[in-house]
Amino acid sequence: MTHGSDSQGGAEGALGATVRRDQWGIAHVEAQTAEAAFAAQGWVAAGDRIWQMEWDRRRAMGRWSEVVGMAGAREDAFFRRLGLAAISQTDYEALETRTRAMCEAYARGVNRWLADHAEALPPEFERHPAPPELWEPWHCVAVYKLRHIFMGTLTRKLWRGRIMAQAGPDAVMATVGDIEADAAMVPGDAPRPDLLADAASVLDASAADMAALAAAMDSDGASNSWALSGGRTASGRPLLAGDPHRGIEFPNVYHQCHLRCDEFDAIGMGFPGVPGFPHFGHNAEVAWGITHGMCDDTDVFVERFEEGSALGEPWRTEKLEIRGEGTVEVLCGATPRGPVVLGDPADGLALSMQWTGMFGADTTLDAIWPMLVSRSTPELIEAVRPWVLPVNNLLAADRSGAIAFKIRGRVIERSPASRWTPVPGTDEFAWDGLAPVPFEELPQWSDPARGYLVTANNRTADGGPFISLDFAGPSRHDRICELLAPMSDATVADMSAIHADVTSLVAPRVLGLIMEYAVECGHELSHTLLDMLADWDHAMTADSAPATVYAVIKRRLIEGIVERLGISGAELGAVGWPPAAEASRMAAGAATRMLCERNLDVVPGLDNPIARRMAASACVDEAAAELQQRLGPDPQLWEWGRVHRMASPHPLASALAAARDLHPPVDGCAGDGDTVRQGGTAPETGERAIHGSVARYAFDLDDWDQSGWVVPHGVSGVRGSGHDLDQRQAWLDCELIPMAYSPQAVASVTAHEYEI
């Protein structure tokens, strides 16, 4: 079997485009019309990522278990119950004619590639029971929705519901912390929304529901982006840079591509299976990038069903075809609040949900073409008016010198009770009659006097509509501001230096607590470790031994908090929900905030100074013993990169033992979950990096050819293709590869050219 993606297309049904692949395999497409450009993008994406597209499509349709057996059944059942495929088809039909034409062209390109390469599919399909089916235009909507449903508040509310059941309202509030103490993205004098409105009474009222649900039944993103005005750059024109953070997997979530046609000349990173560049890119005049807005986009409802009651219409039974196991029936239906997604009504309790991605038509894809043809930041902001999913912090810059920030997406304000945990399944909490916050009322800020804008999933604004309880802590935002503030002649190289920054602003606060309370240590190495931490510069570099010591002590403190609260392995709604690693990551974030804010009085066994001294001292001793066993007797050799290793699992290899050769290698890396260079961990998986930068970019609006980008692996998802891992070392070194844009620059990097 041939595993290539550069073979020339057949003459019949030519798409009418020229593809120039550069030395990294990135496609630069030139076409006469926009439709031909989108068709060529579909062709290119299929050549690079057809297995990934098939994986996303099957999951969206609830058919992944047809490939991997019972390993895919839980997610399949969820998406069947949610009805994601039907929702996507309905939303597709509601899109503008131009948008549907874009998706049709993209699908035409995918299917041309499939027709020409039926005998040259990637190696994953050797493990599939059938080749990929034809791509339909509505699949573009489905895979886009799939990539964003778990970025919202579904799993977080399930997780907080478990905390409610186990530890009570005070513990839930402690895990959220004092959000209003954090700096907001957009300052102002407008009245602040009361983020903690009625929290105590709301949580008290919900406690019984959560306890009953837990007794009966026993996953969001992070990113950085920043823009500098011309007054702070060497060229006098803006720079726009950033890096999205997600779970690291292979193939990488983003796909690099360049489209030139009679209507636009745009380059960026898109989702395989979706036309255009929804999140990161630029055309001839304007650049854009986003971070996750952390919006509260989902409500979860505790539905009670009387024993023996008939559910009636529109409940139905769907069959999952489980490879090697036969069929499994899934009961699907809805209440007035939304589809029931977790639990069994026969048990008397189940969970339904409502989500902004299915509350009214999802017109997100209507924004893509207008973005590609925008000529200024105001035009770009107007272009995203149809945006629904997800809510993003959008940064934009144009060649006239403007920089701007805008919240884009569908924001639905509900009762404060809905912000925290699952709520009762009553009419009081239904979304009927609610309307999105008007586009004009979503936060916006242009050309600030300080000369830069920064977003890092932090609190959005001092005033305006309620967005979320679940913003990221301020450490990454504040560190980027520290680095930008003194810049006056910045270049793309300076942006790369920010990408690479690994100084933790959280470490001094956690270490302050450790140094105060770890005074009764008994291990022979404990005082040596404390001395190392006292002299440490708080930089999580790969060669730092103190970074390792800090990380392991911190992890043990977090584990102690989680264990004492009784929320380790928190599940709510069904076995495995939230997934263990995601629950562990949420717990780590909440416990870190509690450590930083010294908010430990609600934790049994840590609610007095004597208990804290005993616990902190024990954590240091345990960390010393653990590291001595893992890494040897000399603490100076305990380098962070030895334990903080980037794992980027291949989903098929994780599900099927016979496909394990598809996993890419594992490498040590710098940073942690609190640093600008992201290397997030979870206590569930120790010090392994499971969350990080899935792309980095820096756009130079003075000279587009000076821009750069990089992804963790390569543009291709075909193992052994040569372009599957050729950006890996640059990513590990925090370097950017050139982003060729002008015809001259593209010609200079072209390695292969063909017509399709």
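Look up: the structure comes first, before these words.
Everything numeric in this text was worked out from a predicted model, so none of it was measured.

Novice: Is there a simple way to think about the sheet that holds strand β27 (residues 750–755) in this case?
Specialist: Adjacent strands of a sheet form backbone hydrogen bonds with each other and so pair up, either parallel or antiparallel. Taken in spatial order, the 10 strands of this open sheet run β18-β16-β15-β8-β7-β6-β5-β2-β1-β27, and their pairing is mixed. Each edge of the open sheet carries a strand with a single partner, namely β18 (444–446) and β27. The sheet shows a mean angle of 15° between the axes of neighbouring strands, taken without regard to direction. Helix α1 (residues 34–60) rests against β1 (17–22), β2 (27–31), β5 (255–260) and β27 of the sheet, and its axis sits at about 155° to β5.

Novice: What should I look at first to understand helix α7 (residues 154–167) in this one?
Specialist: Because an α-helix completes one turn every 3.6 residues, residues spaced three or four positions apart along the sequence face the same direction. With 14 residues, α7 ought to run about 20 Å at 1.5 Å a step, and its terminal C-alpha atoms sit 20 Å apart, in line with that. Taking burial as the measure, the 14 residues of α7 include 11 buried ones, the bulk of the element. Where α7 is concerned, the buried positions are Leu-154, Thr-155, Arg-156, Lys-157, Leu-158, Trp-159, Arg-160, Gly-161, Arg-162, Ile-163 and Met-164. Among the residues trailing α7, Gly-168 stands out with phi positive, at a value near 95°.

Novice: Honestly, the packing of aromatic side chains in this entry has me stumped. Any pointers?
Specialist: To describe a pair of aromatic rings, one takes the distance between the centres and the angle between the planes. Tallied over the full model, the rule gives 18 aromatic pairs. An angle of 55° between the planes, with centres 5.8 Å apart, marks the rings of Phe-79 and Phe-150 as tilted. Of the two residues, Phe-79 is situated in helix α3 (residues 73–82) and Phe-150 in the loop between α6 (139–146) and α7; the sequence distance between them amounts to 71 residues. Phe-150 matches Phe-79 in its accessibility class, with the two residues each being buried. Measuring from ring centre to ring centre gives 5.3 Å for Trp-536 and Tyr-550, while their planes differ by 40°; the resulting arrangement is tilted. Of this pair, Trp-536 sits in the loop between α15 (526–534) and α16 (545–565) while Tyr-550 sits in helix α16, and the two are 14 residues apart along the sequence. Across the pair, exposure class does not vary: Trp-536 and Tyr-550 are buried alike. Chaining the aromatic ring pairs together yields one cluster made of Tyr-144, Tyr-254, Phe-271, Phe-280, Trp-387, Tyr-697 and Phe-699. For Arg-59, the ring lying beneath its charged end belongs to Trp-55, and the centroid distance is 3.7 Å. One Lys or Arg, Arg-677, reaches over the ring of Trp-731 and ends 5.9 Å from the middle of that ring.

What counts as what
All residue numbers refer to positions counted from 1 along the written sequence of the respective chain. Only residues with pLDDT of 70 or above have their local features reported here, since the model is predicted, and side-chain atom pairs are shown and tallied only from 80 upward, although totals for entire chains, interfaces and linings are computed over all residues. Side-chain measures were taken over the full set of non-hydrogen atoms in the model, leaving aside hydrogen atoms and water. DSSP bridges decide pairing: two strands pair if at least two such bridges lie between them. In DSSP terms, a helix is any run of H or I states spanning at least four residues, a strand is any run of E spanning at least two, and both are numbered starting from the N terminus. Here an axis means a line fitted to C-alpha atoms, over the contact stretch when the element is a helix, while the angle between two N-to-C directions is reported on a 0 to 180 degree scale. Pairs of residues are marked as contacts when any of their non-hydrogen atoms sit within 4.5 Å. A helix is expected to span 1.5 Å for every residue after the first. Between buried and exposed lies partly exposed: a residue is buried under 20% and exposed over 50% of the maximum accessible area for its type, with that area taken using a 1.4 Å probe on protein chains only. Only centres within 6.5 Å qualify two rings of Phe, Tyr or Trp (six-membered ring in Trp) as a pair; their planes then separate them into stacked at under 30 degrees, edge-to-face at over 60, and tilted for everything else. Two conditions define a charge sitting above a ring: the NZ of Lys or the CZ of Arg must be within 6 Å of the ring centre, and it must be within 35 degrees of the ring normal.

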